[in-house]
Amino acid sequence: MEELDGEPTVTLIPGVNSQKKQMCFDWGPGEMLVCETSFNKKEKSDMMPGCPFIHIIRKNEDVYSQILRKLFNESHGIFVGLQRIEEELTGKSRKTQLVRVSKNYRSVIRACLEEMHQLAIAGKDPASDRQFSIQVSSLSAMELIWNLCEILFIEVAPAGPLLLHLLDWVQLHVCEVDSLSADVLGSENPSKHERFWNLVTVLVLQGRLDEARQMLSKEANTNPTSAGMCRILGDLMRTMPVLSPGNTQTLTELELKWQHWHEGCERHLQDGTFASSPHLESLCKIMLGDEAALLEQKELLSNWYHFLVTRLLYSHPTVKPMDLHFYAQSSLDLFLGGESSPEPLDNILMAAFEFDIHQVIKECSIALSNWWFVAHLTDLLDHCKLLQSHNLYFGSNMREFLLLEYASGLFAHHSLWQLGVDYFDYCPELGRVSLELHIERIPLSTEQKALKVLRVCEQRQMTEQVRSICKILAMKAVRNNRLGSALSWSIRAKDAAFATLVSDRFLRDYCERGCFSDLDLIDNLGPAMMLSDRLTFLGKYREFHRLYGEKRFVDAASLLLSLMTSQIAPRTFWMTLLTDALPLLEQKQVIFSAEQTYELMRCLEDLTSGRPVRGEPDAQQLQDDDVETTKVEMLRLALARNLARSIIKEGSLEGS
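Criteria and cut-off values
- Residues numbered from 1 in each chain as written.
- Predicted model: local features only at pLDDT ≥ 70, side-chain atom pairs only at ≥ 80, totals over all residues.
- Heavy atoms only, no water.
- UniProt positions renumbered as here; feature names shortened; annotations may be inferred.
- Salt bridge = Lys/Arg side-chain N within 4 Å of Asp/Glu carboxyl O.
- Helix = DSSP H or I, 4+ residues; strand = E, 2+ residues; numbered from the N terminus.
- Buried < 20%, exposed > 50% of the residue type's maximum accessible area, 1.4 Å probe, protein only.
- Expected span 1.5 Å × (residues − 1).
- Disulfide = S-S within 2.5 Å.
- Phe/Tyr/Trp six-rings, centres within 6.5 Å; stacked < 30°, edge-to-face > 60°.
- Lys NZ or Arg CZ within 6 Å of the ring centre and 35° of its normal.

Labelled according to an unreviewed UniProt entry, the protein appears under the name Nuclear pore complex protein Nup85, originating from Phocoena sinus. Per UniProt, the protein carries the Function (unreviewed entry) text "Functions as a component of the nuclear pore complex (NPC)." Taken from UniProt, the Subcellular location (unreviewed entry) comment for the protein reads in full: "Nucleus, Nuclear pore complex".

Take a look at the structure:
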């Protein structure tokens, strides 16, 4: 898959003239921003804006389709289930389980296809109808290809059963016969319906011979002249040898019986048994595998792979898998007849018939509009041990590369990113790195979404991403003045610097309002308060207030003094702490000892001395402030009074 397969598709942006204006663009993980620019333009006329819009070009539009989102959601469960049962898949049960998984994927495609088809029929908007029709065609092709790959690569049907599977495949995907049957049988006289013989012919072309016989019996009942011929042809249909499931006959026995039956058909044709009825004669020629007769029914066959299966049914019923591609190529050439070129779908089916798995995946990657199909099909085929030897030149295997591409597309959607996480988890080489890169780009629009992202990161021990998300949420909380939430997120992020910033905001609010907000959070900081000195101070300062409120004055005083002497309190907050000490100094009983009082006096003198601290008001500014001067005088007076009382008390105690 290294070579370039053709020129990339040109995307035209409405209103933009790339011939006259230069374009600027910026790549994102799932989309690209494009706008006009006046860069390097000298002419004045060119400086005028031509297209004032910024366009968003999305790499994967399918993730925004409501129906396809159901496909993504439903298939996610199947994918995860397959990865989990991988260890249990052994022996014969392995193939059975893998076929069941494949059928589950197909049932999801079929359900989405039917729902999309209903919307296409009921739609009234031409633009949306066209989009639905495109998606119906895409889903139909996906189911068709997947079913064929299931038969050839997963079921690995041998000669004999292979044709039965291919017949089921054609009958399932060439379904116009059902509406035709309903139309004909719904009429008053089906055998006289203008499309009666079309119905009988299609039934024979699809190998539905029992139904064809029933239609011939209707013709025999209404047209006695052809009753004999209808009976003979009906007997030929009834006696055609078919290897049914559970039948014990060998391929050799089947070939002998089929040869005998084929000679009987040829004999009736040569004897002119059906000469008087062109329709019956044409049916007999089809049953003989006559290529000219089959090609006359091109319109009813509708496509070359229907022609292929019908041709095999009536000419080579025991075809071997290794010979399929010869018949497929000749059928394609005969059906197209040189009148048209193969479509991308034809190339994909042909690659499957050639058992070229890598070409199938490559062609599907080019032709289909999203990575869902190739990612899930490749994963399933990898579990079938069919892709083990194919590594890509840039360090990953094909399965992982396609899963990474698909998961990246899911991350472009506001909710589907949650599915993408599991796909990254099951990519052992590059999944973890890719998840880390993509999860950082998820817009955290709500706290609920942020918590989901955070849970994903924590479950996978993605420490850096957890820290980054918590920082973002803490910043948002600060901007919204939700300090409690901001502190909680900064603690969770283990971000000491931000915890310090938020703690300062708490202290500033306390100074302005005289009380703390979010008391429950501060009271229950526990070991988290050790994250930063400022957070420790905040927690201990709140503890001081709690002790004071409980009238445990001695403990409160000791804690207050330790906050100042241990240098844990910011110098800008010392005056507040000293002011908090005033009520304790004025208590009737002596709270501060003489030694503690000396410490408080030293702190006050340090604060009011002529040694300015950077970022704080100097001594002169402090003295010039009348309020502060009053506080200082009151503190000095209270400290002197308390010192005298404490000396007397301590002296009395020593004397006694």
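On we go.
1. Focus on the pattern of salt bridges
In this structure the tally under the stated criterion is 17 salt bridges. The partner of R213 in a salt bridge is D210, and the shortest N-O contact between them spans 3.2 Å. Here R213 and its partner D210 are both found in helix α7 (residues 209–222), three residues apart, which amounts to about one turn of the helix. Among the residues examined, R213 registers a relative accessible area of 28% and is labelled partly exposed. Classification of D210 as exposed rests on a relative accessible area of 51%. As a salt-bridge pair, R231 and D235 come within 3.7 Å of each other at their nearest N and O atoms.

2. Some words on helix α22 (residues 463–479)
Between its first and last C-alpha atoms α22 spans 25 Å; for 17 residues at 1.5 Å apiece the expected length is 24 Å, and the two agree. Those residues of α22 lying buried are Q465, V466, I469, C470, L473, A474, A477 and V478. Remark: N481 follows α22 within two positions and exhibits a positive phi of approximately 60 degrees.

3. Examining unusual backbone geometry
You will see that S302, though not glycine, has its phi angle at about 70 degrees, which is positive. Within the fold, S302 resides in the loop between α12 (298–301) and α13 (304–315). The phi torsion at Q461 lies on the positive side, around 50 degrees, for a residue other than glycine. Note on placement: Q461 falls in the loop between α21 (447–459) and α22.

4. Examining the state of the cysteines
Here a disulfide denotes a covalent bond joining the sulfur atom of one cysteine to the sulfur atom of another. Applying the stated rule across the entire model yields zero disulfides. The structure places no disulfide on C364, whose sulfur is separated from the nearest cysteine sulfur, that of C149, by 6.8 Å.

5. Things to note about the packing of aromatic side chains
As enumerated under the stated definition, the model contains 18 aromatic pairs in all. When the centroid spacing of 4.3 Å and the interplanar angle of 25 degrees are considered together, the rings of F79 and Y423 count as stacked. Within this pair, whereas F79 is found in helix α1 (residues 66–84), its partner Y423 is found in helix α19 (residues 417–425), the two being separated by 344 residues in sequence. Of the residues examined, F79 reaches a relative accessible area of 0% and is grouped as buried. We classify Y423 as buried; its relative accessible area is 0%. Ring centres 5.4 Å apart and planes at 50 degrees place the aromatic pair F411 and F424 in the tilted group. In this pair, F411 sits in the loop between α18 (398–410) and α19 while F424 sits in helix α19, placing the two residues 13 residues apart along the sequence. Three or more aromatic residues link up through ring pairs in this structure, and these residues are F72, F79, Y406, Y423 and Y426. Lying over the aromatic face of F335, K298 brings its terminal NZ or CZ to 5.4 Å of the ring centre.

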